[in-house]
Amino acid sequence: MIPAIAKSLRLLLVSTSVGPLGSGIGGGVELTLQNIAQEMRRRGHTIQVVAPTESVMGDIPIQGIPGNLQMMAQNLESDAPICMPGDAVLANMWEYIRTVQADYDLIVNFAFDWLPFYLTPFLTRPVAHFISMGSITQTLDQMMEQVAVRFPGTIGVYTASQAATFPFAERCRCLGSGIDLSLYEFCGEPGEALAWLGRIAPEKALEDAVAASHLTGIPLKIFGKMQDKGYWQQICWEYPQAPIEYVGFLSTKELQKELRQCQALVMTPRWVEAFGNVAIEALACGVPVIAYRRGGPAEIVRDGETGFLVEPDSIAGLVEAIKRLDEIDRYKCRQHAETEYSLDALGDRFEDWFKDILGNG
Ligand code: UDP
């Protein structure tokens, strides 16, 4: 008998419906999807991605689907109802999946949306759901829980802190994250500037990093998708003297060139960050991470060794940590990324998950 491990899987990976892949609107899940697609293909599995039109992801085959984009979930109230626009790309994507599902062994959903969970029992192929955020609305939590109960083992998350935000925490499988380390170059001798990296949106609390930059006088370079212009303008208005620079949303290649020259990455999320891919991207460049002690970053950063964990929402704590950056050995940061967050290790965890779901693990 051929060992199960040798079997090549046909995987249909379904992207987020909030924006095209490559736009940055989807946040860290765009990078995670790309990494999984790339690594599964390297392992001999057949990959097809379904995503909104205009998506790009290197040479990975993408079936682009037209339609109106889904609203971002991040700022919804916990009792918000489920909403979808007319001619929704989300609905169109799942209609497409319904028609092609027989050609695949497993559907892997990366969208943080109610519909894919609702549709799971109606499909003839199994669905693995990778949840990329912590709890936002009760309605979505309830639907995810129904799937978690009815299809045990099919719910994957990044971290335990993320899982703990859901009423079905113990039914989640923690898969962590990982990156292609060969794309990130080590830099042992950085410049003075600090980096802040991510979607510019209130849940990321950029204003705290700007306040720390203002207090210390150390320049802060800001990279990421400009998601909320009004929020950004408010920050500029509050801190007109802060030595900050918005660089823009860069490709991984360009981003790591800039990031690696920074003294540290400052992460200030107000919400429970599910993971924080930017933390491991920084570590891969040898850049220490200063982060609030909550959510994913608190599970990533080794306090005092690869960065500092600071009391949540404490700007004084950020300033203190910035002053202690010379205690950190940047080689240890790179090493940390190599031992914990390689694509290979991520690939093993996802492949085992897929095989367990298909009953041939
Ligand atoms: N990012 C990027 N270019 C930039 C800034 C950010 O490609 O100039 C990417 C970064 O690599 C990461 C994502 O944006 O994958 C942010 O993801 P994270 O997991 O930190 O947070 P999320 O946006 O999912 O809440």
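Our structure's up above, just so we're on the same page.
Residues numbered from 1 in each chain as written. Predicted model: local features only at pLDDT ≥ 70, side-chain atom pairs only at ≥ 80, totals over all residues. Heavy atoms only, no water.

Asks: Can you walk me through the overall build of the protein in this structure?
Replies: In terms of regular secondary structure, the protein is built from 13 helices and 13 strands. With respect to the principal axes defined by its C-alpha atoms, the protein has extents near 60 × 45 × 35 Å. In the protein, which comprises 361 residues, the proportion classed as buried is 55%. In the form shown here, the protein has an accessible surface area of approximately 14900 Å², with 50% of it arising from carbon and sulfur atoms. Each charge class in the protein was averaged separately, 29 positive and 44 negative side chains, and the resulting centres sit 5 Å apart. (Helix = DSSP H or I, 4+ residues; strand = E, 2+ residues; numbered from the N terminus. Buried < 20%, exposed > 50% of the residue type's maximum accessible area, 1.4 Å probe, protein only. Areas by Shrake-Rupley, 256 points an atom, 1.4 Å probe, with all protein chains shown as cover. Lys, Arg positive; Asp, Glu negative; His and termini not counted. Charge placed at Lys NZ, Arg CZ, Asp CG, Glu CD.)

Asks: So what exactly am I meant to see when it comes to helix H2 (residues 89–100) here?
Replies: An α-helical segment advances 3.6 residues per turn. Residues three or four places apart therefore align on the same side. With 12 residues, H2 extends 17 Å between its outermost C-alpha atoms, agreeing within 8% with the 16 Å of an ideal straight helix rising 1.5 Å per residue. Those residues of H2 that sit buried are Val89, Leu90, Met93, Trp94, Tyr96, Ile97 and Val100. Down the axis of H2, the buried side of the element spans an arc of 155°, and every buried residue falls inside it. For H2, the secondary structure elements touched by its buried residues are strand S1 (10–14), strand S2 (46–52), strand S3 (62–65), strand S4 (106–109), helix H3 (114–119) and strand S5 (127–131). (Expected span 1.5 Å × (residues − 1). Arc of directions from axis to C-beta. Contact = heavy atoms within 4.5 Å.)

Asks: Can you help me understand the site of the ligand in this one?
Replies: In the vicinity of the ligand, 18 residues are found, and the nearest of them are Gly28, Arg199, Lys204, Leu250 and Glu281. In the model, a nitrogen atom of the ligand is placed 2.7 Å from a nitrogen or oxygen of the leucine 250 main chain. Taking glutamate 273, its side chain carries an N or O atom lying 3.3 Å from an oxygen atom of the ligand. Compared with its free state, where it exposes 540 Å², the ligand has 91% of that area covered by protein. Take the shell around the ligand: its biggest share by element is 3 residues, from helix H9 (residues 277–284). The residue inventory of the shell around the ligand, partitioned by class, reads 8 nonpolar, 6 polar and 4 charged. (Near = heavy atom within 4 Å. Polar contact = N/O pair within 3.5 Å; in protein donor to acceptor, adjacent residues only side chain to side chain. Nonpolar A, V, L, I, M, F, W, Y, C, P; charged D, E, K, R; others polar.)

Asks: Before we go on, may I ask you to explain the packing of aromatic side chains in this structure?
Replies: One pair of aromatic rings is described through two measures. These are the centre distance and the angle between the planes. In the structure shown here, the tally under the stated rule is 13 aromatic pairs. Aromatic pair tryptophan 232 and tyrosine 246: ring centres 5.6 Å apart, planes at 50°, arrangement tilted. Here tryptophan 232 is found in helix H7 (residues 229–238), whereas its partner tyrosine 246 is found in strand S10 (residues 244–248), with 14 residues between them in sequence. Looking at tryptophan 232, the relative accessible area reads 14%, which means it is buried. On the accessibility criterion, tyrosine 246 (30% relative accessible area) is partly exposed. (Phe/Tyr/Trp six-rings, centres within 6.5 Å; stacked < 30°, edge-to-face > 60°.)

Asks: Is there a simple way to explain the nonpolar core in this structure?
Replies: Buried together is how nonpolar side chains tend to be arranged in soluble globular proteins. Core analysis: the largest hydrophobic core is formed by 86 residues, its most contacted members being Leu206 and Phe354. By size, the runner-up hydrophobic cluster in this structure holds 18 residues, among which are Ala73, Val147, Ile155 and Phe168. (Core = buried A, V, L, I, M, F, W, Y, C linked by side-chain atoms within 4.5 Å.)

Asks: When you look at the layout of surface pockets in this model, what are you seeing that I'm missing?
Replies: Leftover empty space is mapped by rolling, across the atoms, a probe with the size of a water molecule. If you add up the space inside the second largest pocket, you get close to 230 Å³. Residue lining of the second largest pocket: 17 residues in total, with Gln70, Leu76, Ile82, Cys83 and Asp113 positioned closest to the centre. For the lining of the second largest pocket, a count of residues per class yields 14 nonpolar, 2 polar and 1 charged. (1 Å grid on protein atoms, 1.4 Å probe; cavity = no way out; pocket = protein on both sides within 12 Å on 5 of 7 lines; lining within 4 Å. Points joined across faces, edges and corners; volume = space filled by probe spheres on them.)

Asks: What exactly am I supposed to notice about the sheet that holds S1 here?
Replies: In sheet architecture, strand pairing relies on hydrogen bonds along the backbone and comes in two forms, parallel and antiparallel. What the 7 strands build is an open sheet, ordered S3-S2-S1-S4-S5-S6-S7; its pairing is parallel. Every other strand in the sheet has two partners, leaving S3 and strand S7 (173–174) as the edge strands with one partner each. Inspection of the sheet shows strand S6 (residues 155–157) paired to S7 by 2 bridges, in the parallel sense. Each residue of the ladder has a partner; that of valine 157, found in S7, is cysteine 174. On top of the sheet, H2 reaches S1, S2, S3, S4 and S5; it is set at about 150° to S2, its chief contact. (Pairing = 2+ DSSP bridges. Axes fitted to C-alpha atoms, helices over the stretch in contact; angles between N-to-C directions.)

Asks: Explain the environment of glutamate 30 to me, please; I cannot follow it from the model alone.
Replies: Tracing the backbone shows glutamate 30 in helix H1 (residues 28–42). We classify glutamate 30 as buried; its relative accessible area is 9%. Excluding residues that lie within four positions of it along the chain, glutamate 30 makes contacts with Pro20, Leu21, Gly22, Ser23, Gly24 and Ile25.

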